[in-house]
Amino acid sequence: ALLHVIVIAASFPFIKLSLQTISPLQGLFYEGVFSLIFCLGFLSVKKESFRPSLDWHLLSGAILNGLALFSLFEGLNRLHPLVVGLLGKLYFIFVIIFGLVFLKEKIVKNQIPWVIILIVGSFLASYGPEILASAYSLLGIVFTVLAAFLFALQNLIVKSVVHRYS
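In this text, all values refer to a predicted model and were calculated from it rather than measured experimentally.

**Side note on the overall build of the chain**
The secondary structure content of the chain amounts to eight helices and zero strands. Starting at the N terminus and ending at the C terminus, the chain contains elements arranged as α-α-α-α-α-α-α-α. Classification of the 166 residues of the chain by burial places 29% in the buried group. In the chain, 85% of the contacts between residues at least 6 apart in sequence involve partners at least 24 apart. Carbon and sulfur atoms form 75% of the exposed surface of the chain, whose accessible area is close to 11300 Å².

**Some remarks on the side chain of Ser-71**
In this fold, Ser-71 is placed in helix 3 (residues 56-78). Judged by relative accessible area, Ser-71 falls into the buried class, the value being 3%. Once you skip the residues sitting within four places of it in the chain, Ser-71 turns out to touch Phe-143, Thr-144, Leu-146, Ala-147 and Leu-150.

**Regarding helix 2 (residues 24-45)**
Compared with the 32 Å implied by 1.5 Å per residue over 22 residues, the 31 Å span of helix 2 between its first and last C-alpha is a close match. Taken from the residues just after helix 2, Lys-47 is the one with a positive phi, measuring 60°.

**Quick look at the side chain of Asp-55**
Tracing the backbone shows Asp-55 in the loop between helix 2 and helix 3. Among the polar contacts made by the side chain of Asp-55, one reaches the main-chain amide nitrogen of His-57 at a distance of 2.9 Å.

**Things to note about the pattern of salt bridges**
Any two side chains of opposite charge can pair, given that their charged atoms come close. Inspection of every chain in the model, using the stated rule, returns two salt bridges. Note that Glu-74 and Arg-78 form a salt bridge whose closest N and O atoms lie 3.1 Å from each other. Placement of both Glu-74 and Arg-78 in helix 3 is noted, with a separation of four residues, approximately one turn of the helix. Across the pair, Arg-78 and Glu-74 agree in class, each one buried. Of the charged contacts, one joins Lys-159 and Glu-105 as a salt bridge, the two residues approaching to 2.8 Å between their closest N and O atoms. Placement of the pair is Lys-159 in helix 8 (residues 135-161) and Glu-105 in the loop between helix 5 (90-101) and helix 6 (111-126), with a sequence separation of 54 residues.

**Some details on the confidence of the model for the chain**
Per-residue pLDDT for the chain has a mean of 83; in total, 89% of the residues score no lower than 70. Averaged pLDDT values for the elements of the chain fall to 56 in helix 7 (residues 129-132) and rise to 91 in helix 3.

**Concerning the packing of aromatic side chains**
In this structure the tally under the stated criterion is six aromatic pairs. Ring centres 5.3 Å apart and planes at 75° place the aromatic pair Tyr-91 and Phe-92 in the edge-to-face group. Tyr-91 sits in the partly exposed class, given a relative accessible area of 23%. Among the aromatic residues, those joined into a ring-pair cluster are Phe-94, Phe-98, Phe-102 and Phe-149.

**Structural notes on unusual backbone geometry**
Unlike most non-glycine residues, Lys-104 shows phi in positive territory, near 55°. By the element assignment, Lys-104 lies in the loop between helix 5 and helix 6. According to the relative accessible area criterion, Lys-104 is exposed, its value standing at 61%.

Procedures and definitions
- Residues numbered from 1 in each chain as written.
- Predicted model: local features only at pLDDT ≥ 70, side-chain atom pairs only at ≥ 80, totals over all residues.
- Heavy atoms only, no water.
- Helix = DSSP H or I, 4+ residues; strand = E, 2+ residues; numbered from the N terminus.
- Buried < 20%, exposed > 50% of the residue type's maximum accessible area, 1.4 Å probe, protein only.
- Contact = heavy atoms within 4.5 Å.
- Areas by Shrake-Rupley, 256 points an atom, 1.4 Å probe, with all protein chains shown as cover.
- Expected span 1.5 Å × (residues − 1).
- Polar contact = N/O pair within 3.5 Å; in protein donor to acceptor, adjacent residues only side chain to side chain.
- Salt bridge = Lys/Arg side-chain N within 4 Å of Asp/Glu carboxyl O.
- pLDDT = per-residue confidence, 0-100.
- Phe/Tyr/Trp six-rings, centres within 6.5 Å; stacked < 30°, edge-to-face > 60°.

This is the structure:
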């Protein structure tokens, strides 16, 4: 788990650097190509078969994932990677809300303090005279929060159909 956190934390500055030479749309294209190559390579190493299917839930999840990645890249293009990383944690808030509303999950009492800390931390990270003074940065905040929302929505859709493919 610690390695995962380190890799994710290190990825935002590298993505920010790459966005100096390519557009967020090009970044989305490269992400898709590399993900496809990685997944097909993983399937061939595991000797698993792959049968494409036209499941509208999975297709809508893939579209939401693409929109979320584009929003994340746009947010990184406009904001400091640390701010994007902190605002991206709103993903967990959206997942909890979607779980409560759509999946009828129950909130655990020990989640409440973490939810409050995430909201306050995200607000403090994005609120500042230098950030709010710039419409460019404000748009970056909107894109980053939208990315967190879309990732959570995509997660909800995939979670609702994953049992069919397990």
